[in-house]
Amino acid sequence: TDQLLERPPVNRNDSIVTARMMLNIGGMAVYEVGLMCFLLWVYEWIPDLEAYDGDVITGKKSRHYTILFNTFVLLQVCNEYNSRFLRGEWQIWRGLTKNPLFLIISVGTMLVQVILVQIASPVMSYPLKIHPEGLTFVQWLICLAFATGTFVVQQLLNLFFGAYVRTVGGSSKASKAKTVA
């Protein structure tokens, strides 16, 4: 694109992973690991999470583990959208319709997830240890709410990085200018 041609050249010795990328990776890792630990250990508030003793293979907490599995996959799908831009852009939906392959993969992943958890769950309960009856509508909403939280976390990371660059980045440039002069 023209925007790509307008960017300055990059030194061959520079790292391919920028400071913003490291912040995004670290921030999302903290959110996702923290969320998964929270859902693993603090789950009493989740509705319709009664123990299911009907199957020895899937276990008593199969619906709880199905929520963990579903939330994890949905987190990755939402992260696909955040990862489209690497320079702290705010409009993550911009240009989405210009990349049909991205949309096909994203929607396809979502459809496969719905099929695995809801439709194929009686068959897939043994290999994946998911609940044979899938998830309730409210449980799906909980999974989706936590997954879409990545959009909020990404914007907070953008704010944090922008504030960091303005305070630390600006003062380091000033101190370098004083040293040179």
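Just above, that's the structure.
What you see is a predicted model, and the numbers here were worked out from it, not measured in a lab. (Residues numbered from 1 in each chain as written. Predicted model: local features only at pLDDT ≥ 70, side-chain atom pairs only at ≥ 80, totals over all residues. Heavy atoms only, no water.)

1. Re the overall build of the protein
For step 1, the next point in the chain: Summing up its helical and strand segments, the protein has six helices and zero strands in all.
For step 2, the next point in the chain: Burial status across the protein gives 35% buried among its 181 residues.
For step 3, the next point in the chain: Across the protein, contacts joining residues at least 24 apart in sequence account for 69% of those joining residues at least 6 apart.
For step 4, the next point in the chain: Summing over all exposed atoms, the protein offers an accessible surface of approximately 11,700 Å²; the carbon and sulfur share of this is 69%. (Helix = DSSP H or I, 4+ residues; strand = E, 2+ residues; numbered from the N terminus. Buried < 20%, exposed > 50% of the residue type's maximum accessible area, 1.4 Å probe, protein only. Contact = heavy atoms within 4.5 Å. Areas by Shrake-Rupley, 256 points an atom, 1.4 Å probe, with all protein chains shown as cover.)

2. With respect to the packing of helix α3 (residues 62-82) against helix α4 (residues 100-119)
For step 1, the next point in the chain: The N-to-C vectors of α3 and α4 enclose an angle of 175°; their axes lie 10 Å apart at closest approach. Our classification of the angle between α3 and α4 gives roughly antiparallel. Residues T66, F69, N70, V73, L74, V77, E80 and Y81 of α3 lie in contact with α4, whose contacting residues are F102, L103, S106, T109, M110, Q113 and V117.
For step 2, the next point in the chain: Split by residue class, the contact of α3 with α4 holds nine nonpolar, five polar and one charged. (Axes fitted to C-alpha atoms, helices over the stretch in contact; angles between N-to-C directions. Parallel < 35°, antiparallel > 145°, perpendicular 65-115°, else oblique. Nonpolar A, V, L, I, M, F, W, Y, C, P; charged D, E, K, R; others polar.)

3. A word on the pattern of salt bridges
For step 1, the next point in the chain: Taken as a whole and judged by the stated rule, the model has one salt bridge.
For step 2, the next point in the chain: One salt bridge in this structure joins R63 and E133, with 3.8 Å as the shortest N-O distance. Here the residue R63 occupies a position in helix α3, and E133 occupies one in the loop between α5 (121-128) and α6 (137-180), the gap between them amounting to 70 residues. (Salt bridge = Lys/Arg side-chain N within 4 Å of Asp/Glu carboxyl O.)

4. Things to note about the side chain of H64
For step 1, the next point in the chain: Mapped onto the fold, H64 is located in helix α3.
For step 2, the next point in the chain: Every residue in contact with H64, bar those within four places of it in the chain, is listed here: L39, L40, Y43 and L49.

Spatial relationships are all this shows, so hold off on functional conclusions.
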